[in-house]
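# Structural characterization, general
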Amino acid sequence: MKKIAVFASGSGSNFQVIAEQFDVKFIFSDHRDAFVLERADNLGVPAYAFELKEFDNKAAYEQAIVDLLDQHQIDLVCLAGYMKIVGPTLLSAYEGRIINIHPAYLPEFPGAHGIQDAWEAGVDQSGVTIHWVDSGVDTGQIIKQVRVPRLAGDTIETFETRIHEHEYQLYPQVLVELGVEPKNP
Ligand code: GAR
């Protein structure tokens, strides 16, 4: 049985969807006050949170993360709104075992503002992508992606909501395809 951990920096709505359907060994957040930690508490998922600024450097911060992953014998790390670039310490330990969800149709609109950037570019469709994490920003090999239309009458809020709805479908699908067993198959 593949063991997964989820990393999130903020709200954690993708984490919630994943944790409702799969046994998540733990959630990690790089913000001690992230709302995802409340979600984890409500769902009974073990949570860890510490911040980069609490360490001497990013290598030490990431080594603490690697230690957690090793302790829990995690097979697959699922980034879901984890807004830090994965550095060499974490990547070299877990490359090929880290996936990320991005709220655009990569390679279109990489970076931290995929939804807003697509909206401001005036596209008539954007999308959602799940990809392997490499040393670039949203450049790793694509696992699966879907198109999401921008509809007449959309505001950025309705557009964003539609993109999130597709995220909540795509992440569980990809986990199953990668051999992660759902709680109630
Ligand atoms: C999601 O839309 C995710 O795709 C995005 O952050 C959001 C997190 O929402 N990630 C990125 O933009 C990564 N570049 P959530 O915390 O409610 O799951």
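Residues numbered from 1 in each chain as written. Predicted model: local features only at pLDDT ≥ 70, side-chain atom pairs only at ≥ 80, totals over all residues. Heavy atoms only, no water.

### Regarding the UniProt feature "domain: Formyl transferase N-terminal" (unreviewed entry) in the protein chain
According to UniProt, the feature "domain: Formyl transferase N-terminal" (unreviewed entry) maps to residues 2–175 in the numbering used here. Secondary structure across residues 2–175 comprises 38% helix and 22% strand; the distance between its end C-alpha atoms is 10 Å. (UniProt positions renumbered as here; feature names shortened; annotations may be inferred. Helix = DSSP H or I, 4+ residues; strand = E, 2+ residues; numbered from the N terminus.)

### What about the side chain of E51?
Structurally, E51 is set in the loop between strand 3 (47–49) and helix 3 (58–71). At 2.8 Å, the side chain of E51 and the backbone nitrogen of R32 are in polar contact. Ignoring anything within four residues of it in the chain, the contact list for E51 reads D30, H31, R32 and Y61. (Polar contact = N/O pair within 3.5 Å; in protein donor to acceptor, adjacent residues only side chain to side chain. Contact = heavy atoms within 4.5 Å.)

### Notes on unusual backbone geometry
Residue P107 is bonded to the preceding L106 through a cis peptide linkage, with omega at 10 degrees. Relative to the assigned elements, P107 resides in the loop between strand 5 (98–102) and helix 5 (114–121). In this model, Q73 sits at a positive phi of 50 degrees, which is unusual for a non-glycine residue. The residue Q73 is located in the loop between helix 3 and strand 4 (76–79) in this model. Of note in the backbone geometry, F109 takes a positive phi value of approximately 50 degrees without being a glycine. On the basis of relative accessibility, which here comes to 21%, the residue F109 falls in the partly exposed class. (Buried < 20%, exposed > 50% of the residue type's maximum accessible area, 1.4 Å probe, protein only.)

### A word on the sheet that holds strand 3
Strands sit in the order 3-2-1-4-5-6-7 across an open sheet of seven strands; the sheet is mixed. Of all the strands in the sheet, the pair left with one neighbour each is strand 3 and strand 7 (142–149). Each adjacent strand pair in this sheet contributes to an overall mean axis angle of 20 degrees, direction not counted. Direction of pairing for strand 4 relative to strand 5: parallel, over a ladder of three bridges. Looking at the pairing, V77 lines up with I98 of strand 5. Lying over the sheet, helix 1 (residues 13–21) contacts strand 1 (4–7), strand 2 (24–29) and strand 5, oriented at roughly 170 degrees with respect to strand 2. Sheet strands touched by helix 6 (residues 156–177): strand 1, strand 4, strand 5, strand 6 (125–132) and strand 7. Its angle to strand 7, the strand with the most contacts, is close to 155 degrees. (Pairing = 2+ DSSP bridges. Axes fitted to C-alpha atoms, helices over the stretch in contact; angles between N-to-C directions.)

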